[in-house]
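What follows is each chain in one-letter form.
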Amino acid sequence: MSLIENVRDFFNRKRKNETTEKAPEGVCPNCWGEHEYDGEFYSFMKGQNNNPSKDIYNNFIADVTRKLDKITINKNTYTCETCKVKYK
């Protein structure tokens, strides 16, 4: 899956109150938590009365994905390029 699909899947699970990982697949959980993207999602959903239109929701996902460029995990070493934390 692409990064945008991973982020969309992560937030869709959150919307349905399903269990999720600490961050979308391929994204550094350390940096994800530091940037509080879960909080941005909560604020977004609250502002949309938990029922955003598909276009507005997709624009939100695209905006978050653009910000993730530097906090993805390098699959060769499983190291975040930003915080240098290594994952197994």
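Nothing here was measured: the structure is a model prediction, and the numbers come from that model. (Residues numbered from 1 in each chain as written. Predicted model: local features only at pLDDT ≥ 70, side-chain atom pairs only at ≥ 80, totals over all residues. Heavy atoms only, no water.)

Our next topic: the pattern of salt bridges. The tally for this structure, following the rule as stated, stands at 6 salt bridges. Its salt-bridge partner being Arg 66, residue Asp 63 comes within 3.6 Å of it at the nearest N-O pair. Here Asp 63 and its partner Arg 66 are both found in helix α4 (residues 54-67), 3 residues apart, which amounts to about one turn of the helix. Assessed through its relative accessible area of 59%, Arg 66 is described here as exposed. For Asp 63, the salt bridge identified is with Lys 67, shortest N-O distance 3.5 Å. A residue pair is termed a helical-turn pair when its members lie 3 or 4 positions apart in one helix, as Asp 63 and Lys 67 do in helix α4 at 4 residues. For Lys 67, a relative accessible area of 39% gives the class partly exposed. In this structure, a network of salt bridges that share partners links the residues Glu 40, Asp 63, Arg 66 and Lys 67. (Salt bridge = Lys/Arg side-chain N within 4 Å of Asp/Glu carboxyl O. Helix = DSSP H or I, 4+ residues; strand = E, 2+ residues; numbered from the N terminus. Buried < 20%, exposed > 50% of the residue type's maximum accessible area, 1.4 Å probe, protein only.)

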